[in-house]
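Structure assessment
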Amino acid sequence: MRIVADAYIPFLKGLLDDVADVVYLSPDAINADAIKEADALIIRTRTKCNADLLKGSNVRFIATATIGYDHIDTNYCAHSGITWTNCPGCNANSVVNYMYAVLTTLFPEGLSAKKLGIVGVGNVGSRVAKMAHNLGMTVLLNDPPRAKNEPNIPFLPLSELQRQCDIITFHVPLASDTYHMVNADFLRNCTRTPLIINAARGEVCDTQALLDYTGNVVLDCWENEPNISLPLLDKVLIGTPHIAGYSVDGKANGTRMAAAALCRFFDIKKEINITIPGKKGIPYCVQAESYALKAHPELFEAFRNNYPLRRDNISY
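Now for a look at the structure at hand. (Residues numbered from 1 in each chain as written. Predicted model: local features only at pLDDT ≥ 70, side-chain atom pairs only at ≥ 80, totals over all residues. Heavy atoms only, no water.)

Quick notes on the overall build of the protein chain
Along its length, the protein chain carries 13 helices and 11 strands. Relative to the compact-globule value of 20 Å for 316 residues, the protein chain shows a C-alpha radius of gyration of 20 Å, a close match. Seen along its three principal axes, the alpha-carbon backbone of the protein chain occupies a region of about 55 × 45 × 40 Å. Across the 316 residues of the protein chain, 52% fall into the buried class. In the structure as shown, the protein chain presents an accessible area of about 14300 Å², 50% of it carried by carbon and sulfur atoms. Here the protein chain carries 30 positive and 32 negative side-chain charges, and the mean point of each set is 6 Å from the other. (Helix = DSSP H or I, 4+ residues; strand = E, 2+ residues; numbered from the N terminus. Rg over C-alpha atoms; globule rule 2.2 N^0.38 Å. Buried < 20%, exposed > 50% of the residue type's maximum accessible area, 1.4 Å probe, protein only. Areas by Shrake-Rupley, 256 points an atom, 1.4 Å probe, with all protein chains shown as cover. Lys, Arg positive; Asp, Glu negative; His and termini not counted. Charge placed at Lys NZ, Arg CZ, Asp CG, Glu CD.)

Here we look at the side chain of S290
Counting through the fold element by element, S290 comes out in helix α12 (residues 286–295). What S290 contacts, discounting residues up to four positions off in sequence, is L237, I238, G239 and T240. (Contact = heavy atoms within 4.5 Å.)

Quick look at unusual backbone geometry
For residues that are not glycine, phi is negative in most cases, and the peptide bond is trans in most cases. Omega for the bond connecting E225 with P226 falls within 30 degrees of zero, at 0°, which places this linkage in the cis form. Mapped onto the elements of the fold, P226 is located in the loop between β10 (217–219) and α10 (230–235). In this structure, N224 is a non-glycine residue whose phi angle is positive, near 65°. Inspection of the secondary structure puts N224 in the loop between β10 and α10.

Here's the deal with the sheet that holds strand β3 (residues 40–43)
In spatial order, the strands read β2-β1-β3-β4-β5; together these five strands make up an open sheet with parallel pairing. The open sheet terminates on both sides in strands that have one partner only, identified here as β2 (21–25) and β5 (83–85). Taking each pair of neighbouring strands and ignoring which way they run, the sheet shows an average axis angle of 15°. (Pairing = 2+ DSSP bridges. Axes fitted to C-alpha atoms, helices over the stretch in contact; angles between N-to-C directions.)

Some remarks on the sheet that holds strand β11 (residues 238–239)
On the basis of which strands lie adjacent, the open sheet formed by six strands has the order β7-β6-β8-β9-β10-β11 and parallel pairing. The open sheet has two free edges, formed respectively by β7 (138–142) and β11, since each of these has just one partner strand.

Some remarks on the nonpolar core
Nonpolar side chains in soluble globular proteins tend to be buried together. Core analysis: the largest hydrophobic core is formed by 35 residues, its most contacted members being Y98, I118, V128, I167 and I197. Every element with two or more residues in this core is listed here: α4 (92–106), β6 (115–119), α5 (123–134), β7 and β9 (195–198). Among all residues touching Y98, those that are not within four sequence positions of it are V218, L219, D220, I238, T240, I243, A244, Y284, V286 and R310. Residues I168, V172, F186 and F300 belong to the second largest nonpolar core, which totals 28 residues. (Core = buried A, V, L, I, M, F, W, Y, C linked by side-chain atoms within 4.5 Å.)

Focus on the packing of α4 against α5
One way to put it is that α4 packs onto α5 with a least axis distance of 9 Å and a crossing angle of 40°. The angle between α4 and α5 falls in the class oblique. The hand of the α4/α5 crossing is right-handed. Mapping the contact onto sequence places A92, N93, V95, V96, M99, Y100 and L103 in α4 and N123, V124, R127, V128 and M131 in α5. The residue inventory of the contact of α4 with α5, partitioned by class, reads nine nonpolar, two polar and one charged. (Parallel < 35°, antiparallel > 145°, perpendicular 65-115°, else oblique. Left-handed = near helix turned anticlockwise from the far one by under 90°. Nonpolar A, V, L, I, M, F, W, Y, C, P; charged D, E, K, R; others polar.)

Quick notes on the pattern of salt bridges
Taken as a whole and judged by the stated rule, the model has 13 salt bridges. Among the ionic pairs, R201 bridges to D70, the shortest N-O distance being 2.9 Å. Separated by 131 residues along the polypeptide, R201 in the loop between β9 and α9 (207–212) and D70 in the loop between β4 (61–64) and α3 (74–80) bring together distant segments of the chain. Judged by relative accessible area, D70 falls into the partly exposed class, the value being 36%. One salt bridge connects R146 with E150, and the closest N-O pair in it is separated by 2.7 Å. (Salt bridge = Lys/Arg side-chain N within 4 Å of Asp/Glu carboxyl O.)

A few points about the pairing of β3
Regular strands show a simple pattern: their side chains alternate between the two faces of the sheet. Across the two faces of β3 the burial is the same, with A40 and I42 and L41 and I43 all buried. Two strands pair when backbone bridges link them, and strand β1 (residues 2–6) and β3 are joined in this way by three bridges, in the parallel orientation. The partner of V4 across the bridge, within β3, is L41. Alignment of β3 against β4, held across four bridges, turns out to be parallel. Among the inter-strand pairings, I42 is bridged to a residue of β4, identified as A63.

In structure tokens, the structure reads:
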């Protein structure tokens, strides 16, 4: 069988070469011609799996080594008999470490007096809540789908987060109801002019609304990546190149889950083992990553593809 894989997925090279013909390509080289004879794809968010890519190919299975899957046209896959899978929770702890670094960098005096609103309380948001509680913060939760099914958990409407919170962070998937969730109306209705943090998907926030906002902003995810808004980059307190989930632990988890799912689908009997290098305990300086991106925004993709070793120091 033949697999076409994103060459920048960490730990993947050599992992499946003994059971398949694996072709490693950069994301911009994964096109309709390149995948025509492939049985499976292992990709990340930069590869848009839609009719333009998949029509006429032999692809039967797609694994994205990411939590999000908005880059996969799931309706087209369903109608075309293509099975797909993502890796829910694979880098959740990595995002918690990113959030911890952001909060402790911006509020070195402590956070016990701050109210944090978390929009989206899934694999990532629930862990961010635990971390914030440990920092002494008051935490308010908003998750309408969970609120509907879990009435015993004190979820609040978004309006309460807008009224009460000093910081609001977003950990939602990109969907029709979360696209531009942070817009001019949302920000206008925030009583305390809170710090806005987006470590979810760039399109959750309206770029122009953030530019017009009088409050502070931290962004890891941007609209139109990698061609991000330079005025917005200049404005944000911390701006990073979509690497919140890029710890080596999170990367290894995503690669392991994607490879294991492929083996299950094709009934390949293989144990997937990945050895993680490096040591925990090395301080994570998110501000240095922000300085680098602000100095060289044209290197957005290069920063992602050549991201240095970072271990998770917090686990939930």
